[in-house]
Structure formats: C-alpha cells, structure tokens
Amino acid sequence: MNPGDGGLIGGIVGGLCGIACAMVGTYASIKNTHGPRERAFMKRAAVVFWVASLAFLALRFTVPGHLFLYVFMLYAILLPLGIHVCNMAQRSIRLDESQKEPTQRTC
C-alpha cells in the first residue's frame, strides 16, 4: 500500500458517507411533512438542492482552481440563503395547512 492511498481511501469513504447522510436527510425531510402540499414542496426543494449540489461538484472539477474560488463563494452564499427561504416557505405552508384542517370534536 502506497503512503498516498490512505488519503484516497479516506476521500472515497468520506464522500460515500456524505452522500448516504444526504440521502437519509432528504428522506427524513420528506417523511416528516404534515400535509400533501408541504410534502410536494419538500420533494421539489430536495430536487433543487440535489441538482445544485451536483452542479457545484461538476464545477469543482471543471473550473480552474483560481476561478473556483468565485464559484465556492457564490455557493457558500446561495446555499444558506436557499435553506432559509425554503424553511420560511415550509413554515408558511405548514401554518396554512394547519388552519385549513377541520376541527375535531370532543365528546
């Protein structure tokens, strides 16, 4: 085993663990929704975030190193902003759906 193989193995294992955790997080985000409209929104949001992440990775390997700094800065700004906007929209949908539910009678 070459001395550099440890870094390669660590990178592959770390990448696979990251993808697995992202898949579990996506599943949990969709499963823990409270209504059909919220679930549909979360599915769309998950697709957008997965596509954005894959585009970021594609740019990582195609854009020259000195220019990738700008791509990284843009991603570092847009990702938290996108998460915040999605959280606000989900909260709004959840509130709207909870107000439309019929009230339950207690005997």
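Procedures and definitions
Residues numbered from 1 in each chain as written. Predicted model: local features only at pLDDT ≥ 70, side-chain atom pairs only at ≥ 80, totals over all residues. Heavy atoms only, no water. Helix = DSSP H or I, 4+ residues; strand = E, 2+ residues; numbered from the N terminus. Rg over C-alpha atoms; globule rule 2.2 N^0.38 Å. Buried < 20%, exposed > 50% of the residue type's maximum accessible area, 1.4 Å probe, protein only. Contact = heavy atoms within 4.5 Å. Core = buried A, V, L, I, M, F, W, Y, C linked by side-chain atoms within 4.5 Å. Polar contact = N/O pair within 3.5 Å; in protein donor to acceptor, adjacent residues only side chain to side chain.

Draft legend 1. Geometry of the overall build of the chain. A count of helical and extended segments in the chain gives 3 helices and 0 strands. Counting from the amino terminus, helix and strand elements in the chain follow one another as α-α-α. On C-alpha atoms alone, the chain measures out to a radius of gyration of 20 Å, which is more than a quarter above the 13 Å that the 2.2 N^0.38 rule sets for 107 residues. Projected onto its principal axes, the C-alpha coordinates of the chain cover approximately 75 × 35 × 15 Å. Taking all 107 residues of the chain together, the buried fraction comes to 16%. In the chain, 58% of the contacts between residues at least 6 apart in sequence involve partners at least 24 apart.

Draft legend 2. Representation of the nonpolar core within the structure. By size, the foremost hydrophobic cluster in this structure holds 7 residues: I30, F41, M42, A45, A46, C86 and I93. For this core, the secondary-structure elements that each account for two or more residues are α2 (36-62) and α3 (65-100). Here this core takes 4 residues from α2, the largest share from any one element.

Draft legend 3. Spatial organisation of the side chain of Q90. Within the secondary structure layout, Q90 lies in helix α3. Of the polar contacts made by the side chain of Q90, one reaches the side chain of E38; its length is 2.7 Å. Not counting the four nearest positions on each side in its chain, Q90 is found in contact with T33, E38, F41 and M42.

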